[in-house]
Amino acid sequence: QVQLVESGGGLVQPGGSLRLSCAAFGSSLRINRMGWYRQTPGKERVMVAVMNNYDGTAYLESVKGRFTISRDNTKNTVHLQMNSLKPEDTAVYYCNVRVDLDTIYWGQGTQVTVSA
C-alpha cells in the first residue's frame, strides 16, 4: 500500500506562484512515474504534469512554460512549481503515482485558487 501526502495549495493572486509537494510512503516502492492532475467541478480530471524515472516529462499544453515538475527519487517526492498563475488554473490538484507500471495511487487533493 502507498500513502501520498500532499502540501502547498492555497490562495494566490493572478501572476503569483505556488509550489505543490507530494511525498509517497510505503514499503519496497517501485515507482516508475509521478505527477499531478487537476480537476474542476463538473469536469474530468486532467493531467497537468508527469515525470518518469528517466526524467522524461509531459505537460498540459496550457501550463507549458509556467509550471515545472521535479522529483527527488531518494525521498520519493514530486514537486510542481507553478508560476504566472492564472484564474483558469484554479482547481483541486491531485498527486498521482504509478507503481509497477500498472497500479495508480492518488493523493487526497489540494485546492489551488487563483483570484484577485
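Refer to the structure presented above.
Starting from 1, residues in each chain are numbered consecutively following that chain's sequence as written. In keeping with the predicted nature of the model, local features appear solely for residues at pLDDT of at least 70, side-chain atom pairs appear and are counted solely at 80 or more, and the whole-chain, interface and lining totals rest on all residues. Hydrogens and water molecules were not included; the side-chain quantities draw on all heavy atoms of the structure.

Enquirer: What should I look at first to understand the pairing of strand S10 (residues 103-106) in this one?
Expert: Along a regular strand, successive side chains alternate from one face of the sheet to the other. Here, strands pair whenever DSSP counts at least two bridges between them. A run of DSSP states H or I qualifies as a helix once it reaches four residues; a run of E qualifies as a strand once it reaches two. Both are numbered from the N-terminal end. Across four bridges, the pairing between strand S9 (residues 91-99) and S10 is antiparallel. Residue pairing for S10: asparagine 96 is matched across the bridge by tryptophan 106. Connecting the antiparallel pair S9 and S10 is a turn made up of three residues, with aspartate 100 showing a positive phi of about 55 degrees.

Enquirer: Sorry, what's going on with the side chain of asparagine 32 here?
Expert: Relative to the assigned elements, asparagine 32 resides in strand S4 (residues 31-39). A relative accessible area of 12% places asparagine 32 in the buried class. There is a polar contact of 2.7 Å between the side chain of asparagine 32 and the side chain of arginine 98. Contacts were defined at the residue level, with two residues in contact if any of their heavy atoms lie within 4.5 Å. Beyond its immediate chain neighbours, meaning those up to four positions away, asparagine 32 contacts Asn52, Asn53, Arg71, Arg98, Val99, Asp100 and Leu101. Buried residues are those whose accessible area, probed at 1.4 Å on protein chains only, stays under 20% of the maximum for their type, while exposed residues exceed 50% and partly exposed ones sit between those limits. Here a polar contact is recorded for every N or O atom pair within 3.5 Å, except that within protein the pair must consist of a potential hydrogen donor and a potential acceptor, and residues adjacent in sequence are included only if both atoms are side-chain atoms.

Enquirer: What is the right way to look at the pairing of strand S5 (residues 46-52) in this model?
Expert: Here six bridges tie S4 to S5, and the two strands are oriented antiparallel to one another. Among the inter-strand pairings, tyrosine 37 is bridged to a residue of S5, identified as methionine 47. Where S4 hands over to S5, the hairpin turn is made up of six residues, of which glycine 42 adopts a positive phi near 80 degrees. Bridge analysis of S5 against strand S6 (residues 57-59) gives three bridges, and the strand direction is antiparallel. Bridge pairing in S6 links valine 50 to alanine 58. Hairpin geometry of S5 and S6 is characterised by an intervening segment of four residues between the two adjacent antiparallel strands and by a positive phi of about 65 degrees at aspartate 55.

Enquirer: What exactly am I supposed to notice about the sheet that holds strand S8 (residues 77-82) here?
Expert: Within a sheet, each strand pairs with its neighbour through backbone hydrogen bonds, oriented either parallel or antiparallel. With antiparallel pairing, the four strands of this open sheet are ordered in space as S1-S3-S8-S7. In the strand order of this sheet, the two ends are held by strand S1 (3-7) and strand S7 (67-72), each with one partner. Adjacent strand axes in the sheet meet at a mean angle of 15 degrees, parallel and antiparallel pairs treated alike. In this structure, strand S3 (residues 18-25) lies alongside S8, joined through six bridges in antiparallel fashion. Counterpart to alanine 23 in the pairing with S8 is threonine 77. In this description, a line fitted to the C-alpha atoms serves as the axis of each element, helices being fitted only across the stretch in contact, and the angle between N-to-C directions of two axes falls anywhere from 0 to 180 degrees.

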